[in-house]
Amino acid sequence: MGLDELLQQAMRVHDLYDRLNLDERGRGWTREEFMLGFAGDVGDLAKLVMAEEGARDMPGGRAALEHELADCLWSVLILAHRYGVDLETAFRRTMAELETAISARLPGDESSA
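A brief report on the enclosed structure follows.

1. Some words on the side chain of H14
Argument step 1. Considering the arrangement of structural elements, one finds H14 in helix α1 (residues 3-25).
Argument step 2. Its relative accessible area of 4% is what places H14 among the buried residues.
Argument step 3. With residues up to four places along the chain from it excluded, the contact list for H14 reads F34, W74, I78 and R82.

Below is the structure:
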């Protein structure tokens, strides 16, 4: 599944959440509320990574870790959409910039010359 397909599926879930929130609360989530939800998901992910590394106990095990990683990806896709960011283009550009910058700092790296 490519990024476009992931975004399409993420948007279907986003639209379902919007309908549910409108029905239950009379309004959808703002961009800021999506960001706060993402921050909460990242906190949950941190705890699950600690559990995976044996640093704490968390219920759910590997399945919970996979779920939370998918939740975080969903949030990133939705935030990019809500802010009009072409995530694929931004990702490729950022990775190219990082690759160049890191390679330039590595001693004896032929590709940095």
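2. Some thoughts on the pattern of salt bridges
Argument step 1. A complete count under the given rule lists five salt bridges for this structure.
Argument step 2. With a closest N to O distance of 3.0 Å, R62 and E52 form a salt bridge. Residue R62 is found in helix α3 (residues 61-82), and its partner E52 is found in helix α2 (residues 31-52); the two are separated by 10 residues along the sequence.
Argument step 3. By relative accessible area, which is 39% here, E52 ends up partly exposed.

3. Some remarks on the environment of R93
Argument step 1. Position of R93 among the secondary structure elements: in helix α4 (residues 87-105).
Argument step 2. With a relative accessible area of 47%, R93 lands in the partly exposed category.
Argument step 3. In this structure the C-alpha to C-alpha distance between R93 and R82, which are 11 residues apart in sequence, comes to 20 Å.

4. Section: the environment of F34
Argument step 1. Mapped onto the fold, F34 is located in helix α2.
Argument step 2. F34 gets classed as buried once you look at its relative accessible area, which sits at 5%.
Argument step 3. For F34 and D44, which are 10 residues apart along the polypeptide, the C-alpha to C-alpha distance reads 15 Å.

5. With respect to the packing of aromatic side chains
Argument step 1. Summed over all chains, the structure comprises three aromatic pairs.
Argument step 2. With a centroid separation of 5.3 Å and an interplanar angle of 65°, the aromatic rings of W29 and F34 are classed as edge-to-face.
Argument step 3. Each member of the aromatic cluster is reached from another via a ring pair, and the members are Y17, W29, F34 and W74.

Rules used throughout
- Each chain carries its own residue numbering, running from 1 in the direction its sequence is written.
- pLDDT decides what is reported in this predicted model: residues at 70 or higher carry local features, side-chain atom pairs at 80 or more are listed and counted, and totals for whole chains, interfaces and linings draw on all residues regardless.
- Calculation of side-chain values draws on the structure's entire complement of heavy atoms; hydrogens and water are dropped beforehand.
- The numbering of helices and of strands both runs from the N terminus, where a helix is a DSSP run of H or I of at least 4 residues and a strand a run of E of at least 2.
- Throughout this description, buried means an accessible area under 20% of the type-specific maximum (1.4 Å probe, protein chains only), exposed means over 50%, and partly exposed covers the range between.
- In this analysis, two residues are considered to be in contact whenever any of their non-hydrogen atoms come within 4.5 Å of each other.
- A side-chain nitrogen of Lys or Arg and a carboxyl oxygen of Asp or Glu constitute a salt bridge if their distance falls within 4 Å.
- Two rings from Phe, Tyr or Trp (for Trp, the six-membered ring) form a pair when their centres sit within 6.5 Å of each other. Planes less than 30 degrees apart are called stacked, planes more than 60 degrees apart edge-to-face, and all others tilted.

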